[in-house]
Amino acid sequence: MARVRYGARTDAEIAAARAKSSKLPDIWSTGVVAVWETDPDVVAAVLPPPLKPTERPLVRANISQVDLPGYPLGAGSVAVAAAHGEQEGWYPLVMPMTHERALVGGREVFGEPKKLGEVAVERDGLVVRASLARHGIAFVEVRGAVSGPLPLPEPAEKTDFYFKFLPGVDGTGFDADPVLVHCVRNEKVRKLEQVTGDIVLRESMYDPVADLPVRRIVEITLGEKTTDQKGRVVERVSAQALLPYIHQRYDDPQQILDLPPEGSAGGRG
């Protein structure tokens, strides 16, 4: 019988796939990072418990082109500064990716709020433009000019916070208590330049980052970096406390909250 591709993989095939993924070389990206101060009450409003605001109400936009073997990837995120106990880090609200492959591991393994979108990083001489777009709206755009090189930072460890959960099959709540994930990234930078410019936030009902107004630009940089990441579950969190924030993950939260008509198959593609 010919190989049935949906059939079970052998132990040897699973082991070979794991070995291949564990030996990936450094993957470098070229991207713009823009950090700005916004209103403290806005940051507090978007953080699900047990996350808390940090001393400074910061927002960070990462917009990168990644040199993945075989095909280029556009990857971005918009995150707010947050703390979990003594650990400070970032809580991403949206993470546009240009390929489905980049969505699967991040969303299903770590609980990252990834969505398909358009990511652009362009440089023409000293002029730089980077943007994140979905549904035809460039909801974040960074524009400016390179104003000079910056010293290379030492390799650094950075933490992002994610909530991993499965919406309930009955259309209410979750199938199990959600978990809070600490995703730790080790970042190395091989080139870094300062950019003088501005940050434009456009209104979008799907990605309402315009609610995080730019009160003061902290920095805009253009750099080349590589990162690895490891995640761990640090605690189970209250389902009732997280439920009011579930709409952050979806363009249409009713898609997971509406029950199918009684007697229907209930398929939601």
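Located above this text is the structure these notes cover.
Bear in mind that the values here come from a model prediction, so they are computed numbers and not experimental data. (Residues numbered from 1 in each chain as written. Predicted model: local features only at pLDDT ≥ 70, side-chain atom pairs only at ≥ 80, totals over all residues. Heavy atoms only, no water.)

K.L.:
Just give me the short version of the environment of T196, but keep the residues and values in it.
P.N.:
Looking at the element boundaries, T196 is found in strand β10 (residues 179–201). Taking relative accessible area as the criterion, T196 reaches 51% and is therefore assigned exposed. Measuring from C-alpha to C-alpha, the distance between T196 and I246 comes to 36 Å, with 50 residues separating the pair along the chain. At 3.2 Å, the side chain of T196 and the side chain of S147 are in polar contact. (Helix = DSSP H or I, 4+ residues; strand = E, 2+ residues; numbered from the N terminus. Buried < 20%, exposed > 50% of the residue type's maximum accessible area, 1.4 Å probe, protein only. Polar contact = N/O pair within 3.5 Å; in protein donor to acceptor, adjacent residues only side chain to side chain.)

K.L.:
Run through the packing of aromatic side chains, naming residues and quoting values.
P.N.:
Tallied over the full model, the rule gives two aromatic pairs. Look at Y91 and F163: their rings are 6.0 Å apart centre to centre, the planes differ by 75°, and that puts the pair in the edge-to-face class. Linking Y91 in strand β4 (residues 87–97) with F163 in strand β9 (residues 156–164), this pair joins segments that are 72 residues apart in sequence. Each member of the pair, Y91 as well as F163, carries the same accessibility label: buried. If you follow R190 out to its NZ or CZ, it ends over the ring of W28, 4.2 Å from the centre. (Phe/Tyr/Trp six-rings, centres within 6.5 Å; stacked < 30°, edge-to-face > 60°. Lys NZ or Arg CZ within 6 Å of the ring centre and 35° of its normal.)

K.L.:
How would you summarise the pattern of salt bridges if you had to cite specific residues and measurements?
P.N.:
Applying the stated criterion to the full structure yields 19 salt bridges. E112 serves as the salt-bridge partner of K114, at 3.1 Å between the closest nitrogen and oxygen. Because the salt bridges share partners, they merge into one network encompassing R60, E112, K114, D160 and R185. (Salt bridge = Lys/Arg side-chain N within 4 Å of Asp/Glu carboxyl O.)

K.L.:
A description of the nonpolar core should follow, citing residues and the corresponding values.
P.N.:
Ranked by internal contacts, the top residues of the largest apolar core, which has 43 residues, are V78, V80, Y91, V140 and F163. Residue contacts for V78: discarding those within four places in its chain leaves V59, R60, A61, Y91, P92, L93, V94, L132, F139, V140, V209 and L212. Grouped together as the second largest cluster of nonpolar side chains are 12 residues, A75, L103, F110 and V179 included. (Core = buried A, V, L, I, M, F, W, Y, C linked by side-chain atoms within 4.5 Å. Contact = heavy atoms within 4.5 Å.)

K.L.:
Tell me about the pairing of strand β7 (residues 127–134), and please be specific about residues and values.
P.N.:
As a general feature of sheets, a regular strand has side chains that alternate between the two faces. Burial analysis of β7 places six of its eight residues in the buried class, which makes it a mostly covered element. Here strand β6 (residues 118–124) pairs with β7 via seven bridges, running antiparallel. Following the sheet pairing, R123 is matched in β7 by V128. Connecting the antiparallel pair β6 and β7 is a turn made up of two residues, with G125 showing a positive phi of about 70°. (Pairing = 2+ DSSP bridges.)

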